[in-house]
Amino acid sequence: MSEEVEVAVIGAGPAGLAAAEVAAAAGKRVVIFEAKPSPARKFLMAGKSGLNLTKHEDLAKVIDNIGCERLEPILRAFGPDEVWRWAEGLAEPLFTGSSGRVFPEAMKGSPLLRKWLRRLDGSGCELRTQWRWTGWREDALCFETPEGTRSVAARATILALGGASWSRLGSDAAWVPWLEAQGIPVEPFRPANMGFDVPWSDHFRERFAGEPVKPAALSVSGKRAQGEFVISSNGLEGSLVYAVSAWLRDALAAGIADLRLDLLPGQSESTIAGKLSKPRGKLSQANYLRKTIGLSGVRVGLLRELGGPLPSEPQDLARAIKSLHVPVAQPRPIDEAISVAGGVAWAGIDADLMLVKHPGIFVSGEMLDWEAPTGGYLLTACLATGRWAGAAAARLLL
């Protein structure tokens, strides 16, 4: 015999909690099912580095940066301004950093999550942890729990199970074959906002792993971004790498990847060549580069690692500094990626985020086929799609 609930939310990450909040506010009895012993583990992990909730910029730019046409009406309903008001409604003050990224003043996720969970509890939401969804049996949801197998009949179900990165925190994509068995199309997952492998020499790796490179610019497929990145023992990591990661991933898959590194993005090639035309005198090469063009440390290391013996002609050396080829081998594994591309195909979802072939079942968050750059876009869209699905589920039950 199945237990009966009005709204079942499967997954207690940001999208699932947002869906539950809206459905409960509409007067529905909501039960949240979470496979892990505690909710929102990936959210808390993100919060350890500051919890970038959203981006303070024009909504049209946010929509353009996320780049998914189907998300436009959803983001217009709950964009950066609404995220700000939502957080302040939890008595969690925010601030905007110099890059436009928005953070809680506490600079971590745990205080906001505690307040959010208290508010959900006060609204009548029930949270059940260690209830791992295992698919359907006929029309009932099946769960493995500490007390054994349980089944739940829900009038509306909101799936918010995450993507395929950071599986130890709950996003393990175990749900893919269950949905595909129901005829629901799922686009293959690919890593997004991830690092890349580069075959560093042992000398370079031992000396520079962990070193930041700034300022710098990376170019691939005719597109360019500027910022900073970090040398890892495996290759490249950091915000600048994530900014070009989708372009580079797709170029690698197509066999046309040519990643170029500009070590001095603030100076033109002709300016650098002019400065390098000055006599070196008794200066060592390292001191000469530092004094004439401000190149030192890890950036000189990269010049030697990627460029080989340094050209003697100023113009050739300037050209190398402005356009070093980086021999990228492959993206880091999907489980290390900040987020993913791929997921439940939009062709199988209606405007309410409900599965076309399965009325009453909604999909939200990273389960959907979209990807966003870092910088607050990911959390904004997860919250927005969760709230959209929660509102649609509540309307269905009127």
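This text goes with the structure placed above it.
Residues numbered from 1 in each chain as written. Predicted model: local features only at pLDDT ≥ 70, side-chain atom pairs only at ≥ 80, totals over all residues. Heavy atoms only, no water.

(A) Main features of the overall build of the protein chain. Scanning the protein chain from N- to C-terminus turns up 14 helices and 19 strands. In terms of overall dimensions, the protein chain has C-alpha extents of about 85 × 40 × 35 Å along its principal axes. Sorting the 398 residues of the protein chain into buried and exposed places 50% on the buried side. Sequence separation of 24 or more characterises 70% of the internal contacts of the protein chain that already satisfy a separation of 6 or more. Positive and negative charge centroids in the protein chain, built from 45 and 44 side chains respectively, lie 8 Å apart. (Helix = DSSP H or I, 4+ residues; strand = E, 2+ residues; numbered from the N terminus. Buried < 20%, exposed > 50% of the residue type's maximum accessible area, 1.4 Å probe, protein only. Contact = heavy atoms within 4.5 Å. Lys, Arg positive; Asp, Glu negative; His and termini not counted. Charge placed at Lys NZ, Arg CZ, Asp CG, Glu CD.)

(B) Structural detail: the pairing of strand β5 (residues 101–104). In terms of strand pairing, strand β3 (residues 54–55) meets β5 through two bridges, oriented antiparallel. Opposite Thr54, over in β5, you have Val102 as the bridge partner. Sheet topology note: the strand β4 (residues 94–96)/β5 ladder contains three bridges and is antiparallel. Along β5, the bridge assignment pairs Leu94 with Pro104. Linking β4 back to β5 in an antiparallel pair, the connection comprises four residues, with Gly100 at a positive phi of about 90 degrees. (Pairing = 2+ DSSP bridges.)

(C) Structural context of the packing of aromatic side chains. A full pass over the atoms with the stated rule returns 11 aromatic pairs. Considering the side-chain rings of Trp133 and Trp136, the 4.9 Å spacing of their centres and the 85 degrees angle between planes classify their relative orientation as edge-to-face. Accessibility classification places Trp133 together with Trp136 in one group, the buried group. When the centroid spacing of 5.8 Å and the interplanar angle of 90 degrees are considered together, the rings of Trp175 and Phe189 count as edge-to-face. Of this pair, Trp175 sits in the loop between β9 (148–159) and α7 (176–181) while Phe189 sits in strand β10 (residues 186–192), and the two are 14 residues apart along the sequence. Members of the aromatic cluster, connected to one another through ring pairs, are Phe33, Trp131 and Phe143. (Phe/Tyr/Trp six-rings, centres within 6.5 Å; stacked < 30°, edge-to-face > 60°.)

(D) Molecular detail of the side chain of Thr54. Checked against the element boundaries, Thr54 lands in strand β3. A polar atom in the side chain of Thr54 sits 2.7 Å from the side chain of Thr380. Residue contacts for Thr54: discarding those within four places in its chain leaves Pro80, Val83, Gly100, Arg101, Val102, Gly375, Gly376 and Thr380. (Polar contact = N/O pair within 3.5 Å; in protein donor to acceptor, adjacent residues only side chain to side chain.)

(E) Layout of the nonpolar core. Judged by nonpolar contacts, the single largest core of 83 residues is most densely connected at Val30, Ile66, Trp116, Trp133, Trp175, Leu179 and Trp370. If you tally residues by element for this core, the top one is helix α14 (residues 377–396), at 10 residues. One finds Phe208, Leu259, Leu263 and Val328 within the second-largest nonpolar core, a separate group that totals 44 residues. (Core = buried A, V, L, I, M, F, W, Y, C linked by side-chain atoms within 4.5 Å.)

(F) Quick look at the environment of Trp133. As for its position among the elements, Trp133 is in strand β7 (residues 132–137). Once the C-alpha coordinates of Trp133 and Thr145 are considered, the two residues, 12 residues apart in sequence, prove to be 8.9 Å apart. Polar contacts involving the side chain of Trp133 include one to the main-chain carbonyl oxygen of Gly135, which spans 2.9 Å.

(G) Representation of the sheet that holds β3. Spatial strand order, β3-β5-β4: three strands in an open sheet with antiparallel pairing. Here the strands that pair on one side only, and so sit at the sheet edges, are β3 and β4. Sheet strands touched by helix α5 (residues 80–89): β3, β4 and β5. Its angle to β4, the strand with the most contacts, is close to 145 degrees. (Axes fitted to C-alpha atoms, helices over the stretch in contact; angles between N-to-C directions.)

(H) Representation of helix α11 (residues 285–293). Those residues of α11 lying buried are Tyr288, Leu289, Thr292 and Ile293. Viewed end-on, α11 has its buried residues packed into an arc of 95 degrees, placing them on one side of the element. The secondary structure elements touched by the buried residues of α11 are α10 (269–276), α12 (297–307) and α13 (314–322). Gly294 lies just past α11 and shows a positive phi near 75 degrees. (Arc of directions from axis to C-beta.)

(I) Main features of the sheet that holds strand β16 (residues 324–326). Read from one edge to the other, the open sheet built from seven strands follows the order β16-β15-β12-β13-β14-β11-β17, with strand pairing classed as antiparallel. Pairing within the sheet leaves two strands with one partner each, and these edge strands are β16 and β17 (330–331). As paired elements, strand β15 (residues 259–262) and β16 share three bridges and run antiparallel to each other. By the bridge assignment for β16, Leu261 is matched with Leu324. Here α13 sits on the sheet and contacts β15 and β16; the angle it forms with β15, its principal contact strand, is near 115 degrees.

(J) Main features of unusual backbone geometry. Lys214 connects to Pro215 through a cis peptide bond whose omega is -10 degrees. The phi angle at Asn193 is positive, at roughly 55 degrees, despite the residue not being glycine. Mapped onto the elements of the fold, Asn193 is located in the loop between β10 and β11 (196–197). A relative accessible area of 4% places Asn193 in the buried class. For Ser221, which is not glycine, the phi torsion reads 55 degrees and is therefore positive. In this structure, Ser221 sits in the loop between β12 (212–220) and β13 (223–231). On the basis of relative accessibility, which here comes to 47%, the residue Ser221 falls in the partly exposed class.

(K) View of the pattern of salt bridges. Throughout the structure, instances matching the rule amount to 25 salt bridges. Residue Glu3 is joined to Arg29 by a salt bridge in which the shortest nitrogen-to-oxygen separation is 3.8 Å. Of this pair, Glu3 sits in strand β1 (residues 3–10) while Arg29 sits in the loop between α1 (14–25) and β2 (30–34), and the two are 26 residues apart along the sequence. Given a relative accessible area of 28%, Glu3 falls into the partly exposed group. Between Asp352 and Arg395 there is a salt bridge, with its nearest N and O atoms 3.0 Å apart. Taken together, the residues Asp352 in the loop between β18 (339–344) and β19 (361–363) and Arg395 in helix α14 connect sequence positions 43 residues apart. Arg395 gets classed as partly exposed once you look at its relative accessible area, which sits at 45%. Overlapping salt bridges, with partners in common, bring together Glu3, Arg29, Glu126 and Arg128 in one network. (Salt bridge = Lys/Arg side-chain N within 4 Å of Asp/Glu carboxyl O.)

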